[in-house]
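Survey of secondary and tertiary structure
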Amino acid sequence: MVFTHDTASSLQAAVALANTAEEPDTLTTVEGLAEFYAEHEYSGDHQRDESELEAVRAVRSSLRELLTADRDTAVERVNAILAEASAVPRLVRHDRLDWHVHAIDDEAPLARRVMVETAMAMIDVIRADELNRLAICAADECGGLVLDLSRNRSRRYCSTACGNREAVAAYRARQRG
Ligand SMILES: [Zn+2]
Ligand SMILES: [Zn+2]
């Protein structure tokens with residue numbers, strides 16, 4: 001295990017959310033956000049309305065910047081996000097999740113919680129000097145982020161769709177000789 005469970009979950013959610021901003025945008029409805037919330041096992045405040053959707057959509061570019069920043073820049077951003085949110089880390093246990101860290105009030109808006117959770121996860125990534133676990137998709141013309149938590153660092157594509165497309169392209173290139 002590269003990171004603790006809560007750190008890995010937060011990174012997975014952050015990458016998935018940032019990637020919804022890639023064309024075509026795949027986070028455009030309140031229902032879509034509710035699915036994201038459920039899929040990534042968020043807890044706490046969830047308004048299920050347009051203003052929450054807009055707020056979450058609006059943090060995607062900041063998320064992407066944080067997840068792709070060099071180490072020193074990431075440190076600055078993490079510190080700024082945590083200070084701005086007056087984050088107070090505490091251990092919590094809820095639902096079926098064992099002890100993990102929450103650093104912001106459960107009633108804070110979802111968009112803000114996503115930023116703080118991602119910043120907390122990046123603390124581990126930065127300290128372990130594992131920023132190369134985060135990369136841009138190796139597929140042509142894809143800007144999607146890839147989170148590689150595999151032991152042998154084998155993950156190169158943001159999605160199976162990208163992996164398949166590249167495999168087909170490589171096959172065709174071989175056929176042409
Ligand atoms: Zn939790
Ligand atoms: Zn991709």
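See the structure printed just above.
Let me begin by describing the structure that accompanies this report. (Residues numbered from 1 in each chain as written. Chains lettered and ligands numbered in written order. Predicted model: local features only at pLDDT ≥ 70, side-chain atom pairs only at ≥ 80, totals over all residues. Heavy atoms only, no water.)

The next subject is the coordination of the zinc ion (ligand 2). Around the zinc ion (ligand 2), the donor atoms from the protein are Cys 137 (SG), Cys 142 (SG), Cys 158 (SG) and Cys 162 (SG), and they sit 2.3 to 2.4 Å away. Spacing between the donor residues of the zinc ion (ligand 2) along their common chain follows C-x4-C-x15-C-x3-C. Residue Cys 137 is found in the loop between β3 (134-136) and β4 (145-147), and its partner Cys 158 is found in the loop between β4 and α7 (160-176); the two are separated by 21 residues along the sequence. Assessed through its relative accessible area of 6%, Cys 137 is described here as buried. (Donors = N, O, S within 2.8 Å, 3.2 Å for Na, K, Ca; no water. Helix = DSSP H or I, 4+ residues; strand = E, 2+ residues; numbered from the N terminus. Buried < 20%, exposed > 50% of the residue type's maximum accessible area, 1.4 Å probe, protein only.)

Bridging between strand β1 (residues 90-94) and strand β2 (residues 97-102) involves four bridges; their strand directions are antiparallel. Looking at the pairing, Arg 90 lines up with His 102 of β2. If you look at the hairpin formed by β1 and β2, you'll find two residues sitting between the two strands, and Asp 95 has a positive phi there, around 50 degrees. (Pairing = 2+ DSSP bridges.)

Here helix α5 (residues 71-84) spans 20 Å end to end across 14 residues, near enough to the 20 Å set by a 1.5 Å rise per residue. Among all positions of α5, only Ala 74, Val 78, Ile 81 and Leu 82 are buried. Each buried residue of α5 lies within a common arc of 90 degrees when the element is viewed along its axis, so the set occupies one face. Exposed residues lying more than 90 degrees from the buried face of α5 are Asp 72, Glu 76, Ala 83 and Glu 84. (Expected span 1.5 Å × (residues − 1). Arc of directions from axis to C-beta.)

Attention now goes to the environment of Val 146. Relative to the helices and strands, Val 146 is located in strand β4. Using a relative accessible area of 2% as the deciding quantity, one classes Val 146 as buried. The spacing of Val 146 and Asn 132 is 14 residues in sequence and 10.0 Å in space, taken between C-alpha atoms. Not counting the four nearest positions on each side in its chain, Val 146 is found in contact with Arg 133, Leu 134, Ala 135, Ile 136, Cys 137, Arg 155, Arg 156, Tyr 157 and Cys 158. (Contact = heavy atoms within 4.5 Å.)

In a regular helix each residue adds 1.5 Å, so 18 residues correspond to 26 Å; helix α6 (residues 110-127) covers 26 Å between its end C-alpha atoms and thus fits that length. Of all 18 residues making up α6, 13 are buried, and the element is well covered by its neighbours. With its phi angle positive at about 55 degrees, Asp 129 sits one or two positions after the end of α6.

Before going further, it helps to spend a moment on the packing of helix α4 (residues 60-68) against α6. The interhelical angle for the contact between α4 and α6, taken along N-to-C directions, is 0 degrees, at an axis separation of 11 Å. It follows from the interaxial angle that α4 and α6 lie roughly parallel. Here α4 contributes Ser 62, Leu 63, Leu 66 and Leu 67 to the contact with α6, which in turn contributes Val 114, Met 115, Thr 118, Ala 119 and Met 122. (Axes fitted to C-alpha atoms, helices over the stretch in contact; angles between N-to-C directions. Parallel < 35°, antiparallel > 145°, perpendicular 65-115°, else oblique.)

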